[in-house]
Amino acid sequence: MANHPPTTLAQALQQAQQQGLARIDAQMLLLHACGRATGDRAWLLAHDTDPLPPEAAARWATLCARRQAGEPVAYLTGRKAFYGLDLAVDARVLDPRPDTETLVDWALEVLQGQAQPRLIDLGTGSGAIALALQHARPDAQVWALDASADALAVAKANAARLGLPVRCLQGQWLAGCTAGPFALIVSNPPYIAAHDPHLAALQHEPLSALVAGADGLDDLRTIVAQAPAHLQPGGWLLLEHGWDQANAVAALLRTAGFAAVHSRNDLGGNARCTGGQWPTVK
């Protein structure tokens, strides 16, 4: 990693930052290299003058090189915190983003006052959204659907380890799904355009979970078209999308007949989620 290997934990962090690694990334990777929990930053402060053992230094150098090559920290440590849950993640699934917690917050709001609601997370990946909702609403019946058997294996393992009774289904969006009708359909689907220049920075994540046609809206169109047949009257469809796609997704929802269509902002102030309510029978 450097011409002069670090001799203490503090020196290791200093060298990583000098080489351009974000401080939080460097801390998590160093904790992982030392066999500590990645959230235990207090331990680093208490032990900053401790020597870095040679075997940990070797692991640390490899981790830093992989991070500098763009590999997500979550893949390097095998763990990602999401909505208070410790998820296992790897290259079979997307690295869950903090902005997606906005979608979970909104979902829990629309479920308030409903006893034992049925809901489904489409394109579940690691199971992050479904597991967060099941954890917050133990009374809910939660399904997690994905087209990828590899992704479902990760989601099932997370559900088992966390002791959460999420039901995992394999399928292409809602085609053939017989589990409804649902009070809520929620999804963070692929929404990046095929030729988006930002894809280069996401080379380590599964392409099928990122790209959705020439304009990034292919999967969103499919979900909006399929959802009404699987929602109970008054049920909600909540969708995550790209920072500049809110108007397009809102138009899809209104055209399909959804009411109360509006968007929610992510942590950066971008309209990141758009949803609507399927009307009750007039």
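Just above, that's the structure.
Structural notes, computed from the coordinates.

**Observations regarding the packing of aromatic side chains**
The final tally for this structure, using the stated rule, is 3 aromatic pairs. Pairing F82 with Y83 gives two aromatic rings, centres 6.5 Å apart and planes at 40°, and the pair type is tilted. By relative accessible area, which is 2% here, F82 ends up buried. Residue Y83 is classed as partly exposed on the basis of its relative accessible area, which comes to 25%. When the ring of F258 is compared with that of W278, the centres are 5.1 Å apart and the planes differ by 65°; the resulting orientation is edge-to-face. Pair noted here: F258 is in the loop between α10 (246-256) and β8 (259-265) and W278 is in the segment after β9 (271-277), with a separation of 20 residues, a long-range link. Here the guanidinium or amino end of R167 rests over the ring plane of W143, the centre of that ring lying 4.9 Å away.

**Structural notes on the pairing of β9**
Taken across its 7 residues, β9 has 5 buried, putting it largely inside the fold. Note: strand β7 (residues 231-240) against β9, 5 bridges, orientation antiparallel. When the sheet's bridge partners are listed, L239 is paired in β9 with T274. Relative to β9, β8 is paired through 5 bridges, and the arrangement is antiparallel. Paired with H262 across the bridge in β9 is G275.

**Concerning the sheet that holds β8**
In space, the 7 strands of this open sheet follow the order β5-β4-β3-β6-β7-β9-β8, with mixed pairing throughout. Every interior strand has two partners, whereas the edge strands, β5 (167-170) and β8, have only one. On average, each strand axis in the sheet is tilted by 20° relative to the strand beside it, whichever way the strands run. As judged from the 5 bridges shared by strand β3 (residues 118-122) and strand β4 (residues 141-146), these two strands associate in the parallel manner.

**Structural notes on the nonpolar core**
With 34 residues, the main nonpolar core has L133, L184 and L238 as its most contacted residues. Of all the secondary-structure elements, those providing two or more residues to this core are β2 (85-88), α6 (101-111), α7 (128-136), β4, α8 (149-162), β6 (182-187) and β7. For this core, the element with the most residues is α6, which contributes 7 residues. Apart from the residues lying within four places of it in its own chain, the contact partners of L184 are A107, V110, L111, R118, L119, I120, L133, L231, W236 and L238. Counting 23 residues, the second largest nonpolar core, distinct from the first, contains L174, A227, L237 and L253.

**Looking at helix α1 (residues 9-18)**
Taken together, the buried positions of α1 are occupied by L9, A12, L13, Q15 and A16. Angularly, the buried residues of α1 cover 165° about the axis, an arc narrow enough to put them on a single face. Contacts made by the buried residues of α1 are with α2 (23-33), α3 (41-46) and α4 (54-68). Phi for G20, located one or two positions after α1, is positive at around 100°.

**Focus on the packing of α1 against α2**
At a minimum axis separation of 9 Å, α1 and α2 run at an interaxial angle of 140°. Considered as vectors, α1 and α2 are oriented oblique to each other. Of the two elements, α1 crosses α2, and the hand of that crossing is right-handed. Touching L9, A12, L13, A16 and Q17 of α1 are R23, A26, Q27 and L30, all from α2. Taken together, the residues of the contact of α1 with α2 break down into 6 nonpolar, 2 polar and 1 charged.

About the cut-offs
- Residues numbered from 1 in each chain as written.
- Predicted model: local features only at pLDDT ≥ 70, side-chain atom pairs only at ≥ 80, totals over all residues.
- Heavy atoms only, no water.
- Phe/Tyr/Trp six-rings, centres within 6.5 Å; stacked < 30°, edge-to-face > 60°.
- Buried < 20%, exposed > 50% of the residue type's maximum accessible area, 1.4 Å probe, protein only.
- Helix = DSSP H or I, 4+ residues; strand = E, 2+ residues; numbered from the N terminus.
- Lys NZ or Arg CZ within 6 Å of the ring centre and 35° of its normal.
- Pairing = 2+ DSSP bridges.
- Axes fitted to C-alpha atoms, helices over the stretch in contact; angles between N-to-C directions.
- Core = buried A, V, L, I, M, F, W, Y, C linked by side-chain atoms within 4.5 Å.
- Contact = heavy atoms within 4.5 Å.
- Arc of directions from axis to C-beta.
- Parallel < 35°, antiparallel > 145°, perpendicular 65-115°, else oblique.
- Left-handed = near helix turned anticlockwise from the far one by under 90°.
- Nonpolar A, V, L, I, M, F, W, Y, C, P; charged D, E, K, R; others polar.

Honestly, that's just the spatial picture; any functional story needs more than this.
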